[in-house]
Amino acid sequence: MLGEPRDGRIVVVGASLAGLRAAETLRAEGFTGSLTLIGEETHPPYDRPPLSKQVLLGKVPADRTGLPQRRRLDADWKLGVRAGGLDPVGKRVLLDDGADVPFDRLLIATGTRARPWPHPDEAAMDGVFTLRTSGDAAALAARLAAGPRRVLVVGAGFTGSEIASACRERGLDVTVAERGPAPLVGALGGTLGELAAKLQRAHGVDLRCGVTVTALEGDGRLTGAQFSDGTRIDADIAVIALGAVRNTEWLAESGLAAGPRGVTCDAGCRAFDMYGIVTDDIFAAGDVARFPHPLFEYQLLSLEHWGNAVAQAEVAAHNMISTGPRRRPHLTVPAFWSSQFGLNIKSVGVPTFSDQVVIAQGSLKDARLVAVYGYRGRVTAAVSVNQARSLEYYRHLIETAAPFPPAPGAADQRESPVPVPSDVPDPKLLSHGPTVALTGHLPDRRLTVVQPAR
Amino acid sequence: MAADTLFHRITDYAHRADPYPLYAELRENGVARQDDGSYLVGTYHDIAALLHDPRISSDRRHRTVPDGAAGTDEGVPPSFIGLDDPEHHRLRGLAMRSFGPPHTPDRIDGMHEDITRIVRDLIAGFEGKERIDVVDDFAYPLPVTVICRLLGVPTEDEPRFRLWSDAIVAGFDPTPGDDPEERQRAGTDARKQMALYLGELAEGRRGHPSGDMLSAFVNDAGPEGQLTPLETMATAVLLLIAGHETTVNLITNGMLTLLRHPDALERLCREPELMPLAVEELLRYEPPVQMLPQRTPLADIEVAGRTIPKGSPLILMLAAGNRDPQRFVDPDRFDPAREDNQHLGFGSGVHSCFGAPLARLETQIALHELLRHLDTPRLIEDPPEYRRSPVLRGPRHLLIGRGGV
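Rules of the game
- Residues numbered from 1 in each chain as written.
- Chains lettered and ligands numbered in written order.
- Predicted model: local features only at pLDDT ≥ 70, side-chain atom pairs only at ≥ 80, totals over all residues.
- Heavy atoms only, no water.
- 1 Å grid on protein atoms, 1.4 Å probe; cavity = no way out; pocket = protein on both sides within 12 Å on 5 of 7 lines; lining within 4 Å.
- Points joined across faces, edges and corners; volume = space filled by probe spheres on them.
- Nonpolar A, V, L, I, M, F, W, Y, C, P; charged D, E, K, R; others polar.
- Helix = DSSP H or I, 4+ residues; strand = E, 2+ residues; numbered from the N terminus.
- Polar contact = N/O pair within 3.5 Å; in protein donor to acceptor, adjacent residues only side chain to side chain.
- Contact = heavy atoms within 4.5 Å.
- Axes fitted to C-alpha atoms, helices over the stretch in contact; angles between N-to-C directions.
- Parallel < 35°, antiparallel > 145°, perpendicular 65-115°, else oblique.
- Left-handed = near helix turned anticlockwise from the far one by under 90°.
- Pairing = 2+ DSSP bridges.
- Buried < 20%, exposed > 50% of the residue type's maximum accessible area, 1.4 Å probe, protein only.
- Arc of directions from axis to C-beta.

Visitor: Run through empty space enclosed by the protein, naming residues and quoting values.
Guide: All names here are of chain B. Applying the stated criterion across every chain yields a total of 4 cavities of 30 Å³ or more. The calculated volume of the largest cavity comes to roughly 210 Å³. Along the wall of the largest cavity there are 22 residues; nearest its centre are Asp53, Pro54, Ile56, Val350 and His351. Of the residues assigned to the lining of the largest cavity, the class counts are 7 nonpolar, 9 polar and 6 charged.

This is the structure:
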């Protein structure tokens, strides 16, 4: 590390949650140098979780989800401009408008964008939406308020399911198309996927699983959709909820280990280069980062979680202005939440990193429960449905690699104490991208492929 | 064998004014087994973990050692504070319907003006008095009036339920020795009488909604159903007792602490916007509920390297956890502006205090108005005379003198 770490030029590319929290942490921990934030959107940083909930319900306008700035940043904000490239030798970020921004240390926090519908002509039709930005949410909320006859949601991951829930709460007819066997199954596995399917149907969603949308129909304006099972529906709105794409294209020529799965970094958020050598001046945090986690056998994790963006940004910022042994690892147990169809769902750990699951508390019938996930005999995740109060206990079990199934004796254990397979499908089966990706080997694929001798 | 007698010493009235050195001793011990087979836990992280541990029951009927308080309560079922999920969740949810979000989000906030008026009336009553007893003249009548209004109980009946309430509180005092069975029998009997009284009040409102909680219990049904008459009785007793036996101590302990810390008192007069933080600090520093004496493990559990056998009485010493130096910087210092203050004053986990928003509001208003209206208050007796209970700890009287109103 050259020079005084609390001085110099730090550039943060990405002006959303992770970028903002990193910038705040830099100042809070005494960074006195110049600080530049570069963001593609023209808005100052805003919060995304309300976009698929309160905003779609019309309870909060899309432009009112701004993130509070918790301290004076004294930063140079470059908003509305994209970073187009990175010169790691000359230490410059190249902007699409032709300018370049020199840095001593760089934080990559460019996050993700919505995965678009694969057919550009169909995607361009009036009535076809994605939901990632505040602008997306404003446009979609306005159209929902206008009272469409039917909304088609393509993909039943968390975003798709929350959109469907908001539509039903507004009294709109909704069809949800999911290529996998159930909603949320990619994140939570078979048992809770089945519960989600029941609840969606009980709330009047026309849920179609195991099908794909083969075509969006219309002539400039969406009128309907065709499904792989030969059926079709009329719909005037389609929301494409197929997961996210990581914003790493701008790093293609940079020599960093950046690709569709994110920017690979070490546990201290330092980016790797394409040879697997750790850099000392380039860091990554938030949705775009891909980092090894010891609780999950050091597999590389990409997490699209609010809490991860905050925690990882804080660690990255701390490490950017700390040297050697003062640097900290990012070891936070992953956690996220969702609200939909009257359910409050909270998750700790990585449910997809599992082979078995047991309902440790509550019952599926009451839709109030805690499901605990295990992998090869240790607890790796827990998901609560309308029963979050003991989640901290399970987080402790995850952190300490406690044996799975967890010790019996919960006051309200009513389901069978016998674990069942967690039924996490291969991500290839899902129509949407996972919000948690194990981007190393999957837990059930611990294989070495040996090339036959020729 | 100091550990074996620790609980005796903690509950010994001689230590009521300052139990904190004993709590420090408890934290040193980790988990302290008592000679009657009960276990005390006093470190912050252990208590916090146990409060979230689903294998810890709040239902005394799961105790395997004899427990006079269990099973003697014919007639009135346990209230939700003494039950586990899913029953606890159902009953607490039904009670919450008319108290807080999502169905009644504004109930407590809407009482702001009412509480301020009650507080000012009480302060007006100080007129001409040279000496005030903070307890009798203020900290007791305030929460009683508020909880009566909230539930819809006539304040005139206060002398009746004060007797019952005293007996009920004495009944769950876990002080060993001096005939606990007799106390518990009297407590159970008082609970039954209070339940009958409140049940009758509630039934009288069936079909005639009057906007209070008793009325809501018998008139408002949600999709989750409604409290049965017996459940209404048990819930009403819980709310009436918890609604005043704790807040009186919070306010009194608060005033006492401020008088012992003139710098803090003066700062709060200058910066009244600090009051919400100061009340949190009081909840940490002098919590009205010192311990949760009714937890029971449903399985053998390991805490701090010791196994607590299934069915043992487990006593969580919240007040000891609140002063744990492993958790709080300089824990014995009263800092009204303390930011990192996730105290155990309201417990945590599924049984986390139902009435916390009300207790906070009452205490914030009460202390704010007292500071505004009491000119140069001074302690006349320190330490003051304490109430008997080691569980709900607070002064029996707190005499202060003053310059003028």
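Visitor: Residues and numbers for the side chain of Gln361 of chain A, please.
Guide: Considering the arrangement of structural elements, one finds Gln361 of chain A in strand E26 (residues 356-363). Polar side-chain contacts of Gln361 of chain A include one of 2.6 Å to the side chain of Tyr394 of chain A. Within the structure, Gln361 of chain A has its side chain in polar contact with the side chain of Asp412 of chain A (distance 3.1 Å). In this structure, Gln361 of chain A is in contact with Arg368, Leu369, Val370, Gln387, Ser390, Tyr394, Ala410, Asp412 and Gln413 of chain A together with Pro54 of chain B, ignoring residues within four places of it in sequence.

Visitor: So, the packing of helix H7 (residues 141-151) of chain B against helix H11 (residues 229-245) of chain B: which residues are in play, and what are the values?
Guide: All names here are of chain B. Here H7 crosses H11 at 155 degrees, and the two axes come no closer than 8 Å. Overall, the two elements H7 and H11 adopt an arrangement that is roughly antiparallel. The element H7 and its partner H11 pack so that their crossing is right-handed. Across the interface between the two elements, Pro143, Val144, Ile147 and Leu151 of H7 pack against Ala236, Leu239, Leu240, Gly243 and His244 of H11.

Visitor: For the sheet that holds strand E8 (residues 314-316) of chain B, give the residues involved together with the corresponding values.
Guide: Residues and elements named next belong to chain B. Taking strand neighbours across the sheet as the criterion, the 5 strands line up as E1-E2-E8-E5-E3 in an open arrangement whose pairing is mixed. Sheet topology places strand E1 (31-33) and strand E3 (56-57) at the edges, where each strand pairs with a single neighbour. Bridging between E1 and strand E2 (residues 39-41) involves 3 bridges; their strand directions are antiparallel. Within E2, the residue paired with Ala32 across the bridge is Leu40. Relative to the sheet, helix H3 (residues 44-51) contacts E2, E3, strand E5 (292-297) and E8, its axis offset from that of E8 by approximately 120 degrees.

Visitor: Can you explain helix H8 (residues 391-399) of chain A? Please cite residues and give values.
Guide: Residues and elements named next belong to chain A. When H8 is considered as a whole, its buried residues turn out to be Leu391, Tyr393, Tyr394, Leu397 and Ile398. Each buried residue of H8 lies within a common arc of 155 degrees when the element is viewed along its axis, so the set occupies one face. The inward-facing, buried residues of H8 abut strand E25 (343-349), E26, strand E27 (368-375) and strand E28 (378-385). Backbone geometry just after H8 places Ala401 at a positive phi near 50 degrees.

Visitor: Go over the pairing of E5 of chain B, please, and point to the residues and values.
Guide: All names here are of chain B. Among the 6 residues that make up E5, 6 are buried, leaving the element largely enclosed by the rest of the structure. Note: E3 against E5, 2 bridges, orientation antiparallel. In the strand pairing of E5, Ile56 is matched with Pro297. Pairing analysis gives 2 bridges linking E5 to E8, with the strands arranged antiparallel. Counted as the bridge partner of Arg295 is Leu314 from E8.

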